[in-house]
Amino acid sequence: MIKTESSLRVSVRDFGIGIPKDKAEYIFDRFFRVEESSHLFSGLGLGLYISAEIIDRHGGKIGVESEENEGSEFWFEIPI
């Protein structure tokens, strides 16, 4: 967690399978699932979409940095 005078940034890192670079821009879309691995994990592809909508409605930003086979770091930043 990083706090500045005007915002708060929270991030979470995992060391999982990562997200292919060509798919990363779509992961916050409704019902999007990375096709290559969707059979390995349950879900409808709504969690990140809902999170992005909540953050957006609070005037914030959400994103991810990811490397395949290395893991991902998801973050959001909201104004305070």
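Residues numbered from 1 in each chain as written. Predicted model: local features only at pLDDT ≥ 70, side-chain atom pairs only at ≥ 80, totals over all residues. Heavy atoms only, no water.

1. Topic: the packing of aromatic side chains
Now for step 1: On inspection of all chains with the given rule, the structure shows zero aromatic pairs.
Now for step 2: The ring of Trp75 carries Arg9 above its face, with NZ or CZ at 4.0 Å from the centroid. (Phe/Tyr/Trp six-rings, centres within 6.5 Å; stacked < 30°, edge-to-face > 60°. Lys NZ or Arg CZ within 6 Å of the ring centre and 35° of its normal.)

2. Observations concerning the sheet that holds strand S2 (residues 7-14)
Now for step 1: With antiparallel pairing, four strands are arranged side by side in an open sheet as S1-S2-S4-S3. Each of the sheet's edge strands pairs with one partner strand only, and the pair in question is strand S1 (2-3) and strand S3 (61-67).
Now for step 2: Pairing of S3 with strand S4 (residues 71-79) involves seven bridges; the strand directions are antiparallel. Pairing of Gly63 across the sheet is with Trp75, part of S4. (Pairing = 2+ DSSP bridges. Helix = DSSP H or I, 4+ residues; strand = E, 2+ residues; numbered from the N terminus.)

3. As for unusual backbone geometry
Now for step 1: Despite not being glycine, Asn69 shows a phi value in the positive range, around 65°.
Now for step 2: One can find Asn69 in the loop between S3 and S4.

4. Things to note about the environment of Ile80
Now for step 1: By the element assignment, Ile80 lies in the segment after S4.
Now for step 2: A relative accessible area of 55% means that Ile80 is categorised as exposed.
Now for step 3: Taking the C-alpha atoms as reference points, Ile80 and Gly60, separated by 20 residues in sequence, lie 9.8 Å from one another.
Now for step 4: Ile80 has contacts with Lys3, Thr4, Glu5, Ser6, Ser7 and Leu8, leaving out every residue within four places of it along the chain. (Buried < 20%, exposed > 50% of the residue type's maximum accessible area, 1.4 Å probe, protein only. Contact = heavy atoms within 4.5 Å.)

Any functional reading would require information that these geometric values do not contain.
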